[in-house]
Amino acid sequence: MSIKPPAELTKKWKSLARIQSMDRVFSSPRTASYAWCAFVATYWTLLVIIPGIVRNVLNSYEYWIWFLGMIGVCSMYYCTRGDFPADSQAGKPIMALTCILISVDWTSHAFAALQFNNITITAGFIMLGHSFAILWASLFFYNRAIKNGEHMAWLSLLLQWVDIVMTCVSVIVLHGKEGACFNLPICIMYFVSLVLNLFLWFFPIMFGYSNTQKHIHINTVLLDTVTDLPVVVTMFATNAYSIHWWLFIDVAFKIIMLLRTYAYHLLVSLVLRRAETNQLQQEQEEQIALENKLFAEGATGEEIDAKSAELIKRQSEATDNVTTS
């Protein structure tokens, strides 16, 4: 009777085949980084500067947030020119900081729309562009994480975006049905949850907290605890799920998300399989340390990828040897 060795469970998260599949998805991170910079600079400039020039009003918060955002975009551009695109160790914090500024602008437009019931067509297009830019940027953030754990990272990314979209729909439903949305505790909680989802997603990335499987587990537990859990508690405390059928669907989804988070990410991965998770964390930290060392020595992105692939292969072979001995 053959027993499947634990190495098979570990190896599937970090094999060279996973890296090759990522290379097909991100065939050219450098080109994609240039394209992202061009997209953000184009739509944000056209929708802020041109209307400001026409109305002769550039001394507004929209202009100053745009100005800070363009500093981030230009920094990302020059970092990419140095052969360190948005998914690299050097480029990722700059991209995250730029996305935080984009999120600040998105949040300000959303607050104005909900509080003052005032949203222009231009503001709507800015929010749409910001949403697409953040979605696009999240693929860069999860590039390394997907290499280290393809299935889990893709599922985490997908569920995160489904949760954000459903939260946005819930806020729109409440505002459309109740009018003064911020008069309702559940609407305030939804808006706070949405803002926390955006900012608590990017701040850990700036400090390299999305690079390993263990970090994704921890970040998911913390993120769902401070965003989805308060919404669920407020929903039942105020019976807000009876306001509209969509809120009932949303709270049901959030409960399922919380059950999955605490069962899989917390209990199984961080408690019951703690030894395996820590071993994988150690191996992935070695990969990150190698990439940082090569970066400091001036290696190119291609050289870093090649050396990282060699290290992953050696780690996989070492794990197999320990298991079979």
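Turning our attention to the overall build of the chain. Counting its regular elements, the chain contains 13 helices and zero strands. Counting helices and strands in the order they occur from the N terminus, the chain gives α-α-α-α-α-α-α-α-α-α-α-α-α. Burial status across the chain gives 48% buried among its 325 residues. In the chain, the share of contacts with a sequence separation of at least 24, taken over all contacts with a separation of at least 6, comes to 77%. Accessible area for the chain stands at about 15,800 Å²; split by element, carbon and sulfur atoms hold 68% of it.

For residues that are not glycine, phi is negative in most cases, and the peptide bond is trans in most cases. Phi at N239 is positive, roughly 55 degrees, even though this residue is not glycine. Along the chain, the position of N239 falls in the loop between α10 (213–238) and α11 (245–272).

Moving on, we come to the packing of helix α3 (residues 29–55) against helix α4 (residues 61–81). Packing of α3 against α4 leaves a shortest axis separation of 10 Å and a crossing angle of 160 degrees. It follows that α3 is roughly antiparallel to α4 by the angle criterion. Crossing of α3 over α4 shows left-handed handedness. Of the residues in α4, those touching α3 at R30, S33, Y34, W36, C37, V40, A41, W44, T45, V48 and I49 are E62, Y63, I65, W66, G69, M70, V73, M76, Y77, T80 and R81.

Here we come to the pattern of salt bridges. For the structure on display, the rule yields three salt bridges. Two residues, D250 and K254, come together in a salt bridge whose shortest N-O distance is 3.0 Å. Of this pair, D250 and K254 both sit in helix α11, four residues apart, which is roughly one turn of the helix. No difference in accessibility class separates D250 from K254, as the two residues are buried. R273 is the partner of E276 in a salt bridge, and the nearest nitrogen-oxygen pair spans 2.6 Å.

Core analysis: the largest hydrophobic core is formed by 68 residues, its most contacted members being W36, V40, W44 and M95. Those elements giving two or more residues to this core turn out to be α3, α4, α5 (91–116), α6 (121–141), α8 (150–178), α9 (185–206), α10 and α11. For this core, the leading source of residues is α9, giving ten residues. Residues within four places of W36 in sequence aside, it is in contact with V73, M95, T98, C99, I102, A133, W136, A137 and F140.

Rules and cut-offs
- Residues numbered from 1 in each chain as written.
- Predicted model: local features only at pLDDT ≥ 70, side-chain atom pairs only at ≥ 80, totals over all residues.
- Heavy atoms only, no water.
- Helix = DSSP H or I, 4+ residues; strand = E, 2+ residues; numbered from the N terminus.
- Buried < 20%, exposed > 50% of the residue type's maximum accessible area, 1.4 Å probe, protein only.
- Contact = heavy atoms within 4.5 Å.
- Areas by Shrake-Rupley, 256 points an atom, 1.4 Å probe, with all protein chains shown as cover.
- Axes fitted to C-alpha atoms, helices over the stretch in contact; angles between N-to-C directions.
- Parallel < 35°, antiparallel > 145°, perpendicular 65-115°, else oblique.
- Left-handed = near helix turned anticlockwise from the far one by under 90°.
- Salt bridge = Lys/Arg side-chain N within 4 Å of Asp/Glu carboxyl O.
- Core = buried A, V, L, I, M, F, W, Y, C linked by side-chain atoms within 4.5 Å.

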